[in-house]
Structures are given as structure tokens and as C-alpha cells.
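Residues per chain, in single letters:
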Amino acid sequence: MNQSKETTSRYKKNQYYGKIIGIILIIMGFIVFYYTFSFHFKLSVTLFFIGFIILLMINEKDTDKEINNIQLILIIILLTLVIWLITINIDYDIFFVLIVISIISLKELLNKFLSPYLQKRMTILFYILLIPLVIIFLQRIINILSMYPS
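In what follows, the accompanying structure is described. Note that this is a predicted model, so its numbers are computed, not measured.

## Quick notes on the overall build of the protein
Broken down by element type, the protein carries five helices and zero strands. From first element to last, N terminus to C terminus, the protein shows the α and β order α-α-α-α-α. Going through the 150 residues of the protein one by one, you find that 35% of them count as buried. Considering only contacts in the protein between residues 6 or more positions apart, those separated by 24 or more positions represent 68%. Just so you have it, the protein exposes about 10000 Å², and 70% of that area is on carbon and sulfur atoms.

Written as C-alpha cells, this is what we have:
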């Protein structure tokens, strides 16, 4: 009984550390955002996104499913960093669209391995990312339509 209490307190301590790391990454993302280079802007978006993912996905309950919240966070962080490295010299719109596509594909591929809590969090993340995606698509459509005067 005493060991499970110690394990629970260690787990909560790790959750607090995870939340602190997420907040620090978000703050670093805001600090880097004020530089004018597109490289810094992508770095800022990446840091902000990873910090937000950490804060969103950490939960109170540990699951017996195949993929728990820490593993899901690591998968999303690695995927985000790979996309960031691939699109380092490309416009940030493409970077963001690839992030959204990767989150959608992760949600569908890992759905049966996630707990209901993490499935709900992935759905919330998808809807949050859908709003800027629609804005990017509308900007692109307006740019295309403005090239052809009526």
C-alpha cells in the first residue's frame, strides 16, 4: 500500500514536470516569434505546438492500452520535428498543412490503440487545428482569385 502511494506521488510529480516543460516551450515559442525571419517563425510555431501538445495530452489516469499519453506525445513531437526539418526552407503554410495532415492520419491510425480520453483529446486537437487550416485555404483561394480580374 505504501509503495503504490509513493508510485502515485512520483507519477503526479512527473505530470507537473511535464506541464512545466509544456509551459516553458510555449513561452519560448512566444519569445522566438518576435524575430523576423521565417526560420524563427517556424521554430516558434513548432515550439508552441509541442508545448501545447504536452499540456493537452497529459492526463491524470494511466491506461492499460497499447499507447499511453507519454508515448503519444513523443510520437507527435517526433513527427512535428521531422516535418519541421523537411520544410525548413519552404513557406510556413505548407508546414502547417503538413502538421494538420499528420495529426489527422495519426488520429485515424492510432484510434484503436488509444484510451477514450486520448481519443477525445486528439479530436479536440484536430478541431483546434482545423480553424487555422481553413484560414490558410481561404487566403490561398483569395490570392488565386485576385490574380484573375473579372
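That was the structure; now back to the text.
## Some points on the packing of helix 4 (residues 92-109) against helix 5 (residues 116-147)
In the contact formed by helix 4 and helix 5, the axes pass within 10 Å of each other and the chain directions differ by 145°. For helix 4 against helix 5, the interelement crossing comes out left-handed. Mapping the contact onto sequence places Asp93, Phe96, Val97, Val100, Ile103, Ile104, Leu106 and Lys107 in helix 4 and Met122, Thr123, Leu125, Phe126, Leu129, Pro132, Leu133, Ile136, Phe137 and Arg140 in helix 5. Residues that form the contact of helix 4 with helix 5 fall into these classes: 14 nonpolar, one polar and three charged.

## With respect to the packing of aromatic side chains
Two aromatic rings, taken as a pair, are described by how far apart their centres are and by the angle between their planes. In total, this model carries one aromatic pair according to the counting rule given. With a centroid separation of 5.3 Å and 55° between ring planes, the pair formed by Phe126 and Tyr127 is classed as tilted. For Tyr127, a relative accessible area of 51% corresponds to the exposed category.

## Thoughts on the nonpolar core
The biggest cluster of nonpolar side chains holds 29 residues, and the ones touching the most others in it are Phe49, Leu72, Ile76, Ile103, Met122, Leu125 and Leu129. Of all the elements in the fold, those that place two or more residues in this core are helix 2 (38-57), helix 3 (69-86), helix 4 and helix 5. Those residues within four positions of Phe49 in sequence are excluded, and the remaining contacts are Ile76, Thr80, Ile99, Ile103, Leu125 and Leu129.

## Let's talk about helix 4
Between its first and last C-alpha, helix 4 extends 25 Å over 18 residues, near the 26 Å set by a 1.5 Å rise per residue. Of all the positions in helix 4, only Asp93, Phe95, Phe96, Val97, Ile99, Val100, Ser102, Ile103, Leu106 and Lys107 are classed as buried.

## Considering the side chain of Thr80
With respect to the helices, strands and loops of the structure, Thr80 is situated in helix 3. A polar atom in the side chain of Thr80 sits 2.7 Å from the backbone oxygen of Ile76. The contact partners of Thr80, leaving out residues within four places of it in the chain, are Thr46, Phe49, Ile50, Phe95 and Ile99.

Calculation rules
Residues numbered from 1 in each chain as written. Predicted model: local features only at pLDDT ≥ 70, side-chain atom pairs only at ≥ 80, totals over all residues. Heavy atoms only, no water. Helix = DSSP H or I, 4+ residues; strand = E, 2+ residues; numbered from the N terminus. Buried < 20%, exposed > 50% of the residue type's maximum accessible area, 1.4 Å probe, protein only. Contact = heavy atoms within 4.5 Å. Areas by Shrake-Rupley, 256 points an atom, 1.4 Å probe, with all protein chains shown as cover. Axes fitted to C-alpha atoms, helices over the stretch in contact; angles between N-to-C directions. Left-handed = near helix turned anticlockwise from the far one by under 90°. Nonpolar A, V, L, I, M, F, W, Y, C, P; charged D, E, K, R; others polar. Phe/Tyr/Trp six-rings, centres within 6.5 Å; stacked < 30°, edge-to-face > 60°. Core = buried A, V, L, I, M, F, W, Y, C linked by side-chain atoms within 4.5 Å. Expected span 1.5 Å × (residues − 1). Polar contact = N/O pair within 3.5 Å; in protein donor to acceptor, adjacent residues only side chain to side chain.

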